[in-house]
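Letter by letter, the chains look like this.
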Amino acid sequence: MIYRAIRTSRENLPEILAGCNANHFHEIGLKEISSAELARDEIFVGFFGADVFDPNPDFIVCNPDSYSDFVAWLAAFLPGHSPISQWCRVWRSNDFAMLTNAKAKPFLAHSLAAWTGAIMAELSAERGGGSLADVTGLSAMRTGTFCAARATALWSIFDQYDELAKRLTTISGSDQQFWKSYDEISALWYVLCGDTWLTKLPNRASGFDELRMLFRSSNGMETIEPDSIQGAARHFGNHFRTPDLVHCSIGPQSRRVDALDKVASQLAAASIKAHSNVILGFAASLIDPGAAVMPALLKQYSQEFPVAQIWAGAFAGIWSPARVLGEQGGLGRIVAKEILAPTDLFSKPTADIAFAEFERWRGNSSSRDIGLRGASPRITVVELLPGISIPLSISRVEPTRDNRASASGGRQQTFDLEGDKNRLPSAEEKTATPISLEGLARRLRDLEQKVESISAKTARPTTGSKKRL
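Since the model is a prediction, treat every value here as computed from it, not as a measurement.

The rules behind the values
Residues numbered from 1 in each chain as written. Predicted model: local features only at pLDDT ≥ 70, side-chain atom pairs only at ≥ 80, totals over all residues. Heavy atoms only, no water. Pairing = 2+ DSSP bridges. Helix = DSSP H or I, 4+ residues; strand = E, 2+ residues; numbered from the N terminus. Axes fitted to C-alpha atoms, helices over the stretch in contact; angles between N-to-C directions. Contact = heavy atoms within 4.5 Å. Buried < 20%, exposed > 50% of the residue type's maximum accessible area, 1.4 Å probe, protein only. Parallel < 35°, antiparallel > 145°, perpendicular 65-115°, else oblique. Nonpolar A, V, L, I, M, F, W, Y, C, P; charged D, E, K, R; others polar. Core = buried A, V, L, I, M, F, W, Y, C linked by side-chain atoms within 4.5 Å.

**Some points on the sheet that holds strand β3 (residues 42–48)**
Point 1. Reading across from one edge, β2-β1-β3-β4-β5 is the order of the 5 strands in this open sheet, with mixed pairing throughout. Each edge of the open sheet carries a strand with a single partner, namely β2 (26–28) and β5 (89–92). Neighbour to neighbour, the strand axes of the sheet diverge by 40° on average, direction disregarded.
Point 2. Here 3 bridges tie strand β1 (residues 3–9) to β2, and the two strands are oriented antiparallel to one another. Across the sheet, the residue bridging to A5 is H26, located in β2.
Point 3. Helix α3 (residues 67–77) rests against β3, β4 (59–62) and β5 of the sheet, and its axis sits at about 155° to β5.

**A look at unusual backbone geometry**
Excluding glycine, residues mostly carry a negative phi; peptide bonds, for their part, are mostly trans.
Point 1. Positive phi is not limited to glycine here, since A109 has a value of about 55°.
Point 2. Among the structural elements, A109 can be located in the loop between α4 (93–96) and α5 (112–126).
Point 3. For A109, a relative accessible area of 39% translates into the label partly exposed.
Point 4. Of note in the backbone geometry, R241 takes a positive phi value of approximately 55° without being a glycine.
Point 5. By secondary structure assignment, the location of R241 is in the loop between α11 (226–239) and α12 (253–269).
Point 6. Note on R241: relative accessible area 78%, which makes it exposed.

**A look at the packing of helix α7 (residues 144–154) against helix α16 (residues 321–339)**
Point 1. Following both chains from N to C, one finds α7 and α16 inclined at 45°, their axes separated by 9 Å at the closest point. Classed by the angle they form, the pair α7 and α16 counts as oblique. Across the interface between the two elements, F146, A149, R150 and A153 of α7 pack against V335, E338 and I339 of α16.
Point 2. Here the contact of α7 with α16 is built from residues that sort into 5 nonpolar, no polar and 2 charged.

**Looking at the nonpolar core**
Point 1. Among the nonpolar cores identified, the biggest contains 113 residues, and F96, F282, W311 and F315 are the most heavily contacted of them.
Point 2. Beyond its immediate chain neighbours, meaning those up to four positions away, F282 contacts L214, A232, A233, F236, L245, F315 and W319.
Point 3. Of all hydrophobic cores here, the second largest spans 22 residues; its members include I6, F47, L78 and I84.

**Quick notes on the environment of I28**
Point 1. Relative to the helices and strands, I28 resides in strand β2.
Point 2. Relative accessible area serves as the criterion here: at 7%, I28 is assigned to the buried category.
Point 3. Taking the C-alpha atoms as reference points, I28 and I6, separated by 22 residues in sequence, lie 8.8 Å from one another.
Point 4. Beyond its immediate stretch of four places on either side in the chain, I28 contacts Y3, A5, I33 and F44.

Okay, here's the thing in structure tokens:
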């Protein structure tokens, strides 16, 4: 990848954006950008590729300690370009080095079906059980496990799974039992992601090396034979000291369900429950191998073992990958396609706004309204971390110059790229309520409709009048 950039002060950014001159940019290495010691007001402005024809750059790199200040400065002084993360990623210089770990194409290999099964099971758990036949792919993309799968598919190594979970919790305001058990869900992510995981070992993941080997040994394509499933059940029953685990894989389903209830009772009575969710999830996956969504089966245990159902979905992806991808009306295939969707890391972002700016725009308000123009009128796509986005159902209000400028939390003079930057507002401008062009056009249309209505009433003959021949 060729990088063309210019090192400059942020005060010069308005001039660059007003008339981007390709001669200002020169070829530079990624390491030179990411290792540069930038002053607090210094930035790199640049493009991916050899040609520079777009006045809007592909990336801006700033001092790691001044990231929030830079975003606030942009909102205050360049409201017409805010949110900047909608059309240009802003990187901390040390994070910019992550691009060396970006995969050329998103890839999960053998674990794709396991991730997909876990995502659908999580979605079912969040909905309180039931069929997913009416669920769209967007709903699945809002789950935490989808975001973790996307991170694993995008990056050859990744050390921000904990940060990802924190941002998911912050942005969704989720009070689901699942997020109260992050130690459990992070253990699942740790097992599924394999060597990609660089975050510290999850608290509940000790002793999971053999589980990681099980997922790694699956080729992600073939359905596992019943004898092999029973062998795995026997092995892990010994490994987790739960000998009744194997009975969940033998005989008719009614007998398997009885064995599952027995395993659940043993886990509930155990004094140490470090591995209870994974054991119960493994047992449930043996009842009907390859079924990722079985809400009724574990519903009675959802309070005590909230992540067991998600583990069951992941194991289903090992037993029968094709079934996981094809069930629920093909939802699994849609989820898998979105996990492996092409990345935009080396182009303009496709999200509506990045997490840092979204939090600034939303502020402390509990309202779901946000003055942001996006690609969709009903969905706002927020990029949690580079390449990892979540679609939110957020209503829109008309974006105005005033609310864009106040996104930084204060009122400051704003740059006008086409006018006099030093012009002070008049008294009338200070007191007048700002009206957007869209609002003015709407008022004109309302006025025209009223005039037409009055004209129609005037031209209509009154009741009782005689038609003249």
